[in-house]
Amino acid sequence: MSDPLFEPLQLGELNLPNRIVMAPLTRSRAAQPGDVPQAMNVEYYRQRAGAGLIIAEATQISPQGKGYAFTPGIHSEAQVEGWRQVTDAVHDAGGRIHLQLWHVGRISHPDLQPNGERPVAPSAIKPKAQTFVSAESGMVDIPEPRALETDEIPGIVEQYRVAAENAKRAGFDGVEIHCANGYLLDQFLKSDSNQRTDAYGGSLENRMRLPLEVVEAVVGVWGKSRVGIRVSPTGSFNDVHDADPVETYGELAKRLNDLGIAYIEVVEDSFQGNHANGRPQSVIDVIRGNFSGVYIGNGTYTADEARERITAGQTGLASFGRPFIANPDLPERFRQGAELNEWDGSTFYGGDEHGYTDYPSLADQQR
Ligand code: PHB
């Protein structure tokens, strides 16, 4: 029988040779100063070009959008040039790669912000969360953010638009809008972090307004078939919560369907996979029912669970995070049913090539 993981799939204009997506993964290894992609990042993505699609790590769209030390950006010429080396290497190796566009909102710290300013958010609500400020300070508590003025919102949309243009110049195949995991767009969308009384808060229509304006701006740059979005309906990472995820994400899926974007990637449960209660099937069902583009399921998938859910029509593609950190040739290992390397959590964030580009491929191990 043919393996469902290796049935090709058309994603917008991209023909994916398999259903195995590399999930966006923060690795905090951009060159300093300047948060610029560098040679080891080129090698890391090149090694993983066997994915049906690579979604490159969350990348700040502007200096204000930065929330952690050593994460890369897409707002300077040096960053565009750095990413160009990455996309060239992935394409030369036969792969496809999107960039994830990221504004962290309140998940930041004045030490990471231009002129030491306070991070911005829909509302001045301090999250119970931490961020990584510097090698010296390590993880620190996040202070109360400043609520964005209504007249600042067009400037935020503009940051996304410019970043989308920069991603195009850097040679990506498309972009994914990060609307998950408690960052800016998720802060607007979810009911508890958005207490605004203007047109960008209150009703669901208003809470969706900024995410949808961003999608429209990015579609204006890329065309709808090269744009995707990532959401985490039931995730609580970074201290967010939505009172009615079925309603919120069902309606969002409808609106995204009207805009005609290529895919929705769904974090099915919490960040880093808390599946004690199983996948949130009612939310998955309403998104699948309302959105006719490609659905990408994410969260502690094994190869066999991905095969089952693809065959059952529960997901189109499956994205893998930690297994892709430890296995540069993950699709080949899945194809052969080969053993997987184990990941080392101590080298996920920051550092050098160790725990980054030195995980062996099957070919390395057979030498
Ligand atoms: C992180 O840097 O820890 C991080 C970044 C983006 C996410 C989730 C976690 O979506």
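Residues numbered from 1 in each chain as written. Predicted model: local features only at pLDDT ≥ 70, side-chain atom pairs only at ≥ 80, totals over all residues. Heavy atoms only, no water.

Undergrad: I tried to follow the site of the ligand on my own but got confused; where do I start?
TA: Inspection of the region around the ligand gives nine residues, with Thr26, His178, Asn181, Tyr183 and Tyr349 positioned closest. Side-chain polar atom of tyrosine 349 to an oxygen atom of the ligand: 3.4 Å apart, as the coordinates give it. Within the complex, the protein chains bury 91% of what would otherwise be the 280 Å² of accessible surface of the ligand. The class makeup of the residues in the shell around the ligand is six nonpolar, three polar and no charged. (Near = heavy atom within 4 Å. Polar contact = N/O pair within 3.5 Å; in protein donor to acceptor, adjacent residues only side chain to side chain. Areas by Shrake-Rupley, 256 points an atom, 1.4 Å probe, with all protein chains shown as cover. Nonpolar A, V, L, I, M, F, W, Y, C, P; charged D, E, K, R; others polar.)

Undergrad: Mind showing me how you'd approach unusual backbone geometry here?
TA: Working note: non-glycine residues mostly have negative phi, and peptide bonds are mostly trans. Omega for the bond connecting glutamine 32 with proline 33 falls within 30 degrees of zero, at -5°, which places this linkage in the cis form. Take proline 33: it is sitting in the loop between strand 3 (20-22) and helix 1 (39-47). The backbone of aspartate 35 sits at a positive phi, close to 55°, despite the residue not being glycine. The topology assignment puts aspartate 35 in the loop between strand 3 and helix 1. The class for aspartate 35 is buried, based on a relative accessible area of 8%. Here threonine 300, not a glycine, exhibits a phi torsion of approximately 50°, which is positive. (Helix = DSSP H or I, 4+ residues; strand = E, 2+ residues; numbered from the N terminus. Buried < 20%, exposed > 50% of the residue type's maximum accessible area, 1.4 Å probe, protein only.)

Undergrad: Just checking my understanding: could you explain the packing of aromatic side chains for this structure?
TA: The description of an aromatic ring pair uses the distance of the two centres, along with the angle that the planes make with each other. Taken as a whole, this structure holds nine aromatic pairs when the rule is applied. Seen from their ring centres, tyrosine 44 and tyrosine 45 are 4.8 Å apart, and the 70° between their planes marks the pair as edge-to-face. Of the two residues, tyrosine 44 and tyrosine 45, both sit in the buried class. An aromatic cluster is defined as three or more aromatic residues linked by ring pairs; in this entry it consists of Tyr44, Tyr45, Trp83, Phe172 and Tyr356. Lysine 168 extends its terminal NZ or CZ atom over the ring of tryptophan 222, reaching a point 5.6 Å from the ring centre. Directly above the ring of tyrosine 301 sits arginine 279, whose terminal nitrogen or CZ lies 3.9 Å from the centroid. (Phe/Tyr/Trp six-rings, centres within 6.5 Å; stacked < 30°, edge-to-face > 60°. Lys NZ or Arg CZ within 6 Å of the ring centre and 35° of its normal.)

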